[in-house]
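This is what each chain is made of:
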Amino acid sequence: MTLTQAEKAAVIAIWAKVATQADAIGAESLERLFCSYPQTKTYFPHFDLSQGSAQLRGHGSKVMNAIGEAVKHIDDIRGALAKLSELHAYILRVDPVNFKVSEHRNFQG
Amino acid sequence: MVHWSAEEKQLITSLWGKVNVEECGAEALARLLIVYPWTQRFFDNFGNLSSPTAIIGNPKVRAHGKKVLTSFGEAVKNLDNLKATYSKLSELHCEKLHVDPENFRLLGDILIIVLAAHFAKDFTPACQATWQKLVGVVAHALAYKYH
């Protein structure tokens, strides 16, 4: 699955605007993640997850920077994120289900 | 609340009656740690998990596998009351153990594979369908108290 030229251009244009508020957006994204999907908090027992916490802001920035790197290397996102992929797989050992953009869980009961 | 037909209950309890909880539990946990190696993150104090052979032979893995599957037996005994049955365990896995509930789904699928390997033709499609439903509902109950 690859991005078309038009899609890449759209991503780069939008990211230019996002980058100006990266820290705020990063922190709010994490806040929303933990709110909608509380199970993701299991990976951050060592964090202060209260709204506006320094750790949340710091981590949000980290995540946004990584996405920014991917955008900068939009022709080789896999290569750009290879080290992060290894980190998440072998050191952090985050279940890959958490990287999915959409979640459709079929619950019974 | 989950609805179980008489046939489903029969398929669950009759198969469960033939399960060696210690062996199946050990195998299920070992397979989880081997096939999905990131699940080892919860077991840094289990000693040698460096290879499939090491994992399969690891006594702590075997003991914990037995513990987990024994707890699964509670589901079989309380099919009409799963959320209440797993309420405390759900809180424990969230608040103390910090386990991503995705792990419950992974283990459920592993259990299906272990049952299929053990029971072969006796693990009929109807049997599998019922057990797929059961592991899904157990995973849901274990995730229910997450906050």
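Residues numbered from 1 in each chain as written. Chains lettered and ligands numbered in written order. Predicted model: local features only at pLDDT ≥ 70, side-chain atom pairs only at ≥ 80, totals over all residues. Heavy atoms only, no water.

As recorded in an unreviewed UniProt entry, chain B goes by the name Hemoglobin subunit rho, listed as coming from Balearica regulorum gibbericeps. Quoted straight from UniProt, the Sequence similarities (unreviewed entry) entry for chain B says "Belongs to the globin family." Quoted verbatim from the Subunit (unreviewed entry) field of the UniProt record, the comment on chain B reads "Heterotetramer of two alpha chains and two beta chains." (UniProt positions renumbered as here; feature names shortened; annotations may be inferred.)

Colleague: Help me understand the overall build of chain A, please; the structure alone is not making it clear to me.
Modeller: Regarding its fold elements, chain A presents five helices and zero strands. Sequence-ordered secondary structure for chain A, helices as α and strands as β, is α-α-α-α-α. Viewed in the frame of its principal axes, chain A has a C-alpha envelope of about 40 × 35 × 30 Å. Considering chain A as a whole, with its 109 residues, one finds that 26% of them fall into the buried category. Entry remark: accessible area of chain A is about 7,800 Å², with carbon and sulfur atoms responsible for 59%. Here chain A contributes 12 positive and 11 negative side-chain charges, whose respective centroids are spaced 2 Å apart. (Helix = DSSP H or I, 4+ residues; strand = E, 2+ residues; numbered from the N terminus. Buried < 20%, exposed > 50% of the residue type's maximum accessible area, 1.4 Å probe, protein only. Areas by Shrake-Rupley, 256 points an atom, 1.4 Å probe, with all protein chains shown as cover. Lys, Arg positive; Asp, Glu negative; His and termini not counted. Charge placed at Lys NZ, Arg CZ, Asp CG, Glu CD.)

Colleague: I tried to follow a nonpolar patch on the surface on my own but got confused; where do I start?
Modeller: Residue and element names in this part refer to chain A. Residues Leu84, Leu87, Tyr90, Ile91 and Leu92 make up a contiguous nonpolar surface patch of about 490 Å² in total accessible area. Looking at the secondary structure, you find leucine 87 in helix 5 (residues 82-91). According to the relative accessible area criterion, leucine 87 is partly exposed, its value standing at 34%. (Patch = residues over 30% accessible without salt bridge, like charges linked within 9 Å, V, L, I, M, F, W, Y side chains within 5 Å. Salt bridge = Lys/Arg side-chain N within 4 Å of Asp/Glu carboxyl O.)

Colleague: Help me out: how do you make sense of the side chain of threonine 130 of chain B in this one?
Modeller: All names here are of chain B. In this fold, threonine 130 is placed in helix 8 (residues 125-143). Of note is the side chain of threonine 130, whose polar atom sits 3.0 Å from the backbone oxygen of alanine 126. The contacts of threonine 130, once residues within four sequence positions are left out, are Trp4, Glu8, Leu11 and Ile12. (Polar contact = N/O pair within 3.5 Å; in protein donor to acceptor, adjacent residues only side chain to side chain. Contact = heavy atoms within 4.5 Å.)

Colleague: Where do I start with the confidence of the model for chain A in this structure?
Modeller: Looking at chain A, pLDDT values average 91 and 93% of them are 70 or higher. No element of chain A has a lower mean pLDDT than helix 2 (residues 22-36) of chain A, which averages 93, and none a higher one than helix 5 of chain A, which averages 97. (pLDDT = per-residue confidence, 0-100.)

Colleague: Got a minute to help me understand empty space enclosed by the protein in this structure?
Modeller: A probe as big as a water molecule, rolled over the atoms, marks out the empty space that is left. Residues and elements named next belong to chain B. Within this structure, the stated rule accounts for two cavities of 30 Å³ or more. Estimated volume of the largest cavity: approximately 40 Å³. Contributing to the lining of the largest cavity are Gly25, Ala28, Leu29, Gly65, Val68, Leu69 and Leu107. At the level of elements, helix 2 (21-35) and helix 4 (59-77) are the ones that each hand at least two residues to the lining of the largest cavity. Residue classes in the lining of the largest cavity are distributed as five nonpolar, two polar and no charged. (1 Å grid on protein atoms, 1.4 Å probe; cavity = no way out; pocket = protein on both sides within 12 Å on 5 of 7 lines; lining within 4 Å. Points joined across faces, edges and corners; volume = space filled by probe spheres on them. Nonpolar A, V, L, I, M, F, W, Y, C, P; charged D, E, K, R; others polar.)

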